[in-house]
Amino acid sequence: MVPKAEFTSYYGRPVVKEPVWQAPEVPGYLFLGGLAGASSVLAAGAQVRACPDLARGAKVGAVAAISLSAAALIADLGRPERFLNMLRVFKPTSPMSVGSWLLAAYGPAAGAAAMSAVTGILPAAGTAATAAAAALGCGVSTYTAALICDTAVPAWHNGYREMPYLFAGSAASAAGGLGLLAAPCAQAGPARRLAVLGAAAEITSAQLLTRRIGMTAEPYRTGTAGLMFHASEVATACALGVAFIGRRHRAATALAGATLLAASATTRLAIFGAGRVSARDPKYTIVPQRERRTQRSAAQADVHSARQ
Amino acid sequence: MSVDAAGLTGVIRAEPAGAVDPAALAGYAEHPPRMGFFTDTSVCIGCKACEVACKEWNAVPEDGLLLTGMSYDNTQGLGASTWRHVAFIEQPGSAGEPGATGRGDAGDLRWLMSSDVCKHCTEAACLDVCPTGALIRTEFGTVVVQEDVCNGCGYCVSACPYGVIDKRRDDGRAWKCTLCYDRLGSGLEPACAKACPTDSIQFGPVDELRERAALRVTELHNAGTPQARLYGADPADGIGGAGAFFLLLDEPETYGLPPDPVVTTRDLPRIWRHVGLAAAMLAAGGVAACFGGRA
């Protein structure tokens, strides 16, 4: 049993502010953005591999997801009518600024790719748009990790070394799930393989994250967020099993696909919830900072005594 | 479209900045000296004139009438509609200490009082993460929100290591201390500093305030108060030093302040590298999935 950390606080009040972002809008935006970007990657590969139904399904899925994602982001603004102010400046120090410009370029590309695939007009332009959407989609699926990690929220910031891979993996897993739902069994191979790779990346990153960040991993292990985090990992693994065993059966493949989507969404909700918990309880801010300060003083004292 | 000079040139760095000039970094060719606060909590009497003056001058709305039981603190903390917050901490103490009631009996207590405010950090996370450019560095080196630009995305709220800035619920935008930018332009001192009866809140050029603060800490140490320390005065600290720094009589966390705040932007170059690598791996994963087996 780990002894209770000794620290004082100001009447137990939080030190940093809890995020004002609302669920389900912002975790929804994270999930849908990731799904869209990775779907565009899958769509490009599927098109090259001559899986037209998979490619079309992934492209339509991408544009639908990114539209909903942008709508969720705008809805969460305090002044939604001012959403275009995001394009006043370009600031590399702000992941939200970088993301706004990414989305501004990716959205039309994904839209054009889907339009061309569905209507069949301008196939060359459609191919170019598909390639552009795939390239930008890699950024769309991962910049959101920078967005949440570039904060003072302990559970998010401390996990910055793993979160981008977790988000990429979760996005790939979701896109694979969407592909399993959208494509006939004969063309579902790439979607299934992407889901496996994504799930492997997601689960590995999640394990590394929670093991490395010390006490700030507690919100990922306990409470509602912890339960959801664990449940989504289990569901992902089960869904992959069903996807492979039932790969010749439409119903099983579709069930696996839907489960993968739900699990990816649950992962984002869990990470969001864990962040809020870590901001609300002052111990997650105070105890690691005290330890860091103590270690730094000890190191400086060593240098000082070594010099004498 | 404009490219933010501070964002590209001076703010992304992994190493501590040293004593930088934030207004110059932000692009002001000529500017007045950097202005800030030195809040000497050893002489604060907890009158809350600073809270009242700030609300009056800035027309800050009422944000809760509660009796909290947190000693005399019914304000609770800084927020979108509280830009000066007086903290009260009652501790068992001994007579003769600053803040002691001096009754000299077994029930003696030490009463710490401190007026908290936005730190106007040299490396300001709120400013760094603002995607609309609403948060700016003024020519005085202070950090200010332009309320006609802010669209209430709330990113600044999560980025501030001190939990200062917040989003006003009914209004939708982010608000915080402006260091009375409108008063500075007319050569006046901020409302809180003007109202403070004990000069606990001192306003002036930050260099001068830092010198004054160092002398005051030495004075307190010599007078038998070894716990006196400066908080936010060191340009080599995790935020590059604060424009509004403090003299505290106990650990920062006792007052609700973070013990070792570091601006999140310090880690951003590494974060972007991991994002780039993850994006590349996603692309590679897509290739492997599509070409690594039968369709």
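All values derive from a computational prediction rather than experimental measurement. (Residues numbered from 1 in each chain as written. Chains lettered and ligands numbered in written order. Predicted model: local features only at pLDDT ≥ 70, side-chain atom pairs only at ≥ 80, totals over all residues.)

**Quick look at the overall build of chain A**
Threshold: A run of H or I in DSSP counts as a helix once it spans at least four residues, and a run of E counts as a strand once it spans at least two, with each numbered from the N terminus. Radius of gyration here is computed from C-alpha atoms only, and the compact-globule reference equals 2.2 Å multiplied by the residue count raised to the power 0.38. Here exposure depends only on C-beta density: within 10 Å of a residue's C-beta, 20 or more other C-beta atoms make it buried, 12 or fewer make it exposed, and intermediate numbers make it partly exposed, the C-beta atoms being placed from the backbone. For every residue pair, C-beta atoms are placed from the backbone, and the pair is scored as a contact if these atoms sit within 7 Å.
The helix and strand inventory of chain A stands at eleven helices and one strand. If you list the helices and strands of chain A from N to C, you get α-α-β-α-α-α-α-α-α-α-α-α. Computed over the C-alpha atoms, the radius of gyration of chain A is 21 Å, within 12% of the 19 Å expected from 2.2 N^0.38 for a compact globule of 308 residues. In terms of overall dimensions, chain A has C-alpha extents of about 75 × 50 × 40 Å along its principal axes. Counting the 308 residues in chain A, one finds 59% classified as buried. Taking the contacts inside chain A whose residues are at least 6 apart along the sequence as the reference set, 77% of them involve residues at least 24 apart.

**Some remarks on the interface of chain B and chain A**
So the rule is basically this: Three categories are distinguished: nonpolar for Ala, Val, Leu, Ile, Met, Phe, Trp, Tyr, Cys and Pro, charged for Asp, Glu, Lys and Arg, and polar for the others, with Gly belonging to the last.
On the chain A side, the residues contacting the 67 residues of chain B number 72 residues. In terms of residue count, helix 9 (residues 268-291) of chain B provides more of the side of chain B that touches chain A than any other element does, 17 residues in total. For the side of chain B that touches chain A, the per-class residue count stands at 36 nonpolar, 21 polar and ten charged.

**Structural notes on the sheet that holds strand 9 (residues 201-205) of chain B**
Residue and element names in this part refer to chain B. Rule in force here: A pair of strands counts as paired when DSSP detects no fewer than two bridges linking them. An axis is simply a line fitted to the C-alpha atoms; with a helix, the fit covers only the stretch in contact. Between two such axes, the angle follows the N-to-C directions and lies from 0 to 180 degrees.
Across the sheet, which stays open at both edges, the four strands sit in the order 9-2-11-10 with mixed pairing between neighbours. Of all the strands in the sheet, the pair left with one neighbour each is strand 9 and strand 10 (229-231). Neighbour-to-neighbour, the strand axes of the sheet open up by a mean angle of 25°, direction not taken into account. Inspection of the sheet shows strand 2 (residues 35-40) paired to strand 11 (residues 244-248) by four bridges, in the parallel sense. When the sheet's bridge partners are listed, Phe37 is paired in strand 11 with Ala244.

**Comments concerning unusual backbone geometry**
Residue and element names in this part refer to chain A. Going from Ala23 to Pro24, the amide bond is cis rather than trans, its omega being 5°. By the secondary structure assignment, Pro24 is in the segment before helix 1 (25-48). Backbone geometry places Tyr11, a non-glycine residue, at a positive phi of 55°. Positionally, Tyr11 belongs in the segment before helix 1. Using a count of 16 C-beta atoms within 10 Å as the deciding quantity, one classes Tyr11 as partly exposed. Even without glycine at this site, Leu122 takes up a positive phi of about 45°. Here Leu122 shows up in the loop between helix 3 (95-119) and helix 4 (123-149).

**Quick look at the pairing of strand 11 of chain B**
Residue and element names in this part refer to chain B. For strand 11, the tally of buried residues reaches five of five residues, placing the bulk of the element in the interior. Burial of strand 11 is two-sided: the residues Ala244, Phe246 and Leu248 facing one way and the residues Phe245 and Leu247 facing the other way are all buried. Of the strand pairs in this sheet, strand 10 and strand 11 are connected by three bridges, and their pairing is antiparallel. Directly across from Leu230, in strand 11, lies its bridge partner Leu247.

**Side note on the packing of helix 6 (residues 163-182) of chain A against helix 9 of chain B**
Using the following cut-off: Working definition: roughly parallel below 35 degrees, roughly antiparallel above 145 degrees, roughly perpendicular at 65 to 115 degrees, and oblique for all remaining angles. By definition, turning the near helix anticlockwise from the far helix through less than a right angle yields a left-handed crossing, and turning it clockwise yields a right-handed one.
Here helix 6 of chain A crosses helix 9 of chain B at 25°, and the two axes come no closer than 8 Å. Comparing the axis directions of helix 6 of chain A and helix 9 of chain B gives the class roughly parallel. As helix 6 of chain A runs across helix 9 of chain B, the sense of the crossing is right-handed. When helix 6 of chain A is examined against helix 9 of chain B, the residues A:Pro164, A:Tyr165, A:Ala168, A:Ala171 and A:Ala172 are found in contact with a partner set consisting of B:His274, B:Val275, B:Ala278, B:Ala279, B:Met281, B:Leu282 and B:Gly285.

**With respect to the packing of helix 1 of chain A against helix 6 of chain A**
Residue and element names in this part refer to chain A. It is at 7 Å that the axes of helix 1 and helix 6 come closest, and there the two elements cross at 65°. As summarised for this structure, helix 1 and helix 6 are arranged roughly perpendicular, according to the angle between their axes. The way helix 1 lies across helix 6 gives a crossing that is right-handed. Residues Phe31, Gly34, Leu35, Gly37, Ala38, Ser39 and Leu42 of helix 1 form the contact with helix 6, whose own contacting residues are Phe167, Ser170, Ala171, Ala172, Ala174, Ala175, Leu178 and Gly179. Across the contact of helix 1 with helix 6, the residue classes break down as ten nonpolar, five polar and no charged.

**Considerations on the confidence of the model for chain A**
To keep things clear, this is the line we draw: pLDDT: the predictor's confidence for each residue, scored from 0 to 100.
Summarising the model, chain A shows a mean pLDDT of 95, and 98% of its residues fall at 70 or more. Here helix 11 (residues 283-307) of chain A is the element of chain A with the lowest mean pLDDT, 92, and helix 5 (residues 154-157) of chain A is the one with the highest, 98.

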